[in-house]
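# Structural description and commentary
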Amino acid sequence: MTTIPVLSTSSLWTTVRSVNAFNVACSFVALWAFVKFSRALRWRLKTTQLRGPPRTSLIYGVSHDLSSSQDYAAMYERWATEYGVAYMIPSVLGQSRIVLCDPRAIAHFYARETWTYVQMPLTTVIREALIGRGLLWAEGEAHRRQRKALTPAFSNAAIRKLTPVFYDSAFKVKAAWDVVIESSKDDDAVIEVQNWMNHVSLDTVGIAGFSHDFGSLDGKRSGVTEVFGSFNNNQQASAVNQALFLLASAFPIIIKAPSKRKNLIKKLSATMGEICNELLIRSRREKDVDMNGKDEEKSIIGLLIKSESQDAELHMSEEEVMAQMKVLLLAGYETTSITLTWALIELSQHPDVQISLREELLAFGPDPSYDQLKANLPYLDAVVHEILRLHPPLGVFTRLAAADDVIPLSEPVCTESGKMIDSISVAKGTLITISIAGINRSSVIWGADAKEFKPSRWLTEDGITGKAKEVQGHRHLLTFVDGPRTCLGKDFAITEIKAVLSVLVKSFVFEMRDGLDTKVEIARGLMRRPRVVGEDGVGVPLRVRRYE
């Protein structure tokens with residue numbers, strides 16, 4: 001006799017519940033797949049399909065090739081030569097990006113930045129974790145409000161008052177190097193200049209921005225420099241970490257997974273937060289004591305404190321104020337120190353340029369004022385802008401289309417189907433990339449000598465080619481980007497770089513330690529930095545002697 005098993009009520013309910021859970025999960029997966037498919041179909045139908053390089057990896061497209069290249073700008077330029085002023089590159093997990101190399105298209109793009117074109121989700125996650133919801137993180141109206149609140153601190157009048165601070169830092173370096181050379185058995189010494197330029201930048205932004213001397217030029221240890229140093233010394237990023245970072249562009253949640261780099265970002269954010277909080281508390285206390293400090297209200301820290309007031313026209317929350325301080329600390333430290341280091345490298349590799357610059361500075365006489373740095377030293381200006389052209393600290397700029405758009409082109413390109421067009425349609429969700437370094441060094445835009453360090457191009461009217469003049473941005477460069485996100489500290493940085501170089505080049509002669517043939521490569525820190533091949537971390541040792 002066959003016995004029929006009878007399910008208990010509890011067993012039956014468990015089975016039904018598991019089936020329901022499975023069905024719900026399947027429904028969510030199906031819905032997700034449908035949404036993804038619909039978006040992909042809409043993107044395909046609404047976005048102009050352009051030609052471009054084939055994918056070299058099924059998973060990464062060409063993203064791994066670009067991220068691991070020593071000269072990714074040359075890759076972008078080579079593809080522009082082959083496919084035209086706008087083309088598509090395959091990215092991570094089947095994604096594509098449109099690359100713009102056309103001045104008219106780039107101007108259109110930047111004019112709509114923070115509104116039509118916004119940051120990628122991955123960029124937003126990283127910036128919020130590192131610096132909070134400040135100027136670099138914000139979009140649209142929030143960005144406009146925050147930028148307007150900070151603008152007075154970077155006016156010509158404000159930077160004119162800060163110029164003595166730049167000179168103070170430069171003369172501290174000079175004094176320290178004099179001691180090093182005096183203690184040397186020879187008339188020169190090998191000095192690791194990148195570390196010193198880091199100190200210059202940190203102390204300068206501390207005093208100029210927050211009325212605080214970090215004292216790194218005097219040998220004081222700072223939590224900020226130690227964490228920044230950890231990034232620069234962490235060169236051996238594992239293949240797994242690199243792969244995860246690339247995949248995070250498709251799935252930003254991945255960036256929250258535990259990793260050494262994530263821990264460093266967290267530590268840097270916390271360290272900057274502690275320092276900024278201390279400076280803010282101290283400055284609030286000083287403001288309460290000195291109620292008539294009108295000039296202080298126009299300083300960076302003064303404007304931030306003023307914006308905290310609930311009845312301020314451009315009110316910022318305490319979180320936003322802290323984020324602005326982190327942004328200024330980070331940007332003031334990283335970008336300026338990188339540019340100063342490249343300047344000393346290029347001057348060491350081009351002794352003729354170094355001699356011409358020194359002659360101009362010595363002929364001028366005393367330390368030039370802010371206005372004289374801007375207008376009376378043409379060769380110094382040319383050298384600095386040639387450095388900014390060849391070595392922009394930010395090399396690539398990528399944004400996500402938040403709405404459909406049509407981007408005009410100055411010359412036609414060929415689509416995937418062979419049709420010639422003079423504008424490209426962009427659907428919401430499209431990734432747009434501009435290679436800042438690629439545009440700055442483009443032979444098509446800057447001429448056959450675009451890859452050469454040639455300051456003289458800035459001294460004559462015909463030194464800047466017609467195509468380069470079509471590039472909008474500071475002095476036809478994209479180094480400080482353009483549009484609503486044009487670097488707010490542009491004049492601050494240029495004045496600091498000029499002041500520091502004017503002191504150092506008048507005082508010292510710089511040479512590559514191992515001769516003119518010394519190779520320099522790109523190392524990975526928080527940003528891409530120069531490094532002499534064979535050196536640890538981001539070492540740039542130069543042979544330095546006094547100019548007699």
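Residues numbered from 1 in each chain as written. Predicted model: local features only at pLDDT ≥ 70, side-chain atom pairs only at ≥ 80, totals over all residues. Heavy atoms only, no water.

### Looking at the sheet that holds strand S9 (residues 508-512)
Strand order in the open sheet made by the three strands is S4-S12-S9, with antiparallel pairing throughout. Edge strands, defined here as strands with exactly one partner in the open sheet, are strand S4 (188-192) and S9. Averaged over all pairs of adjacent strands, the angle between strand axes in this sheet comes to 35°, irrespective of strand direction. In terms of strand pairing, S9 meets strand S12 (residues 541-546) through five bridges, oriented antiparallel. Bridging from a neighbouring strand, Glu-511 pairs with Arg-543 of S12. Contacts from helix H7 (residues 156-182) reach S4, S9 and S12 within the one sheet, and its direction differs from that of S12 by about 85°. Across the sheet, helix H8 (residues 193-210) touches S4 and S12, and the angle it forms with S4 is around 65°. (Pairing = 2+ DSSP bridges. Helix = DSSP H or I, 4+ residues; strand = E, 2+ residues; numbered from the N terminus. Axes fitted to C-alpha atoms, helices over the stretch in contact; angles between N-to-C directions. Contact = heavy atoms within 4.5 Å.)

### Side note on the sheet that holds strand S2 (residues 96-100)
If you walk across this open sheet you meet the five strands as S1-S2-S8-S5-S3, and the pairing is mixed. For this open sheet the edge positions go to strand S1 (86-90) and strand S3 (117-118), each flanked by a neighbour on one side alone. Here five bridges tie strand S5 (residues 396-401) to strand S8 (residues 431-435), and the two strands are oriented antiparallel to one another. Bridged to Phe-397 within S8 is Ile-434.

### Points about the packing of aromatic side chains
For the structure shown, the criterion picks out 14 aromatic pairs. Between the aromatic rings of Trp-79 and Tyr-87, the centroid separation amounts to 6.3 Å while the plane-to-plane angle is 75°, which identifies the pairing as edge-to-face. Grouping residues by exposure puts Trp-79 and Tyr-87 together as buried. Judged by centre distance (5.3 Å) and plane angle (65°), the ring pair of Phe-109 and Tyr-110 falls under edge-to-face. (Phe/Tyr/Trp six-rings, centres within 6.5 Å; stacked < 30°, edge-to-face > 60°. Buried < 20%, exposed > 50% of the residue type's maximum accessible area, 1.4 Å probe, protein only.)

### Re the nonpolar core
Counting residues in hydrophobic clusters, the biggest one holds 144 residues, and the most contacted among them are Leu-100 and Trp-177. At 15 residues, the largest contribution of residues to this core is made by helix H14 (residues 318-349). Setting aside residues no more than four positions away along its own chain, Trp-177 makes contact with Ile-191, Val-193, Trp-196, Met-197, Leu-344, Leu-504, Phe-508, Phe-510 and Val-544. Ranked by size, the runner-up nonpolar core spans five residues in total, among them Tyr-60, Ala-243, Leu-246 and Leu-247. (Core = buried A, V, L, I, M, F, W, Y, C linked by side-chain atoms within 4.5 Å.)

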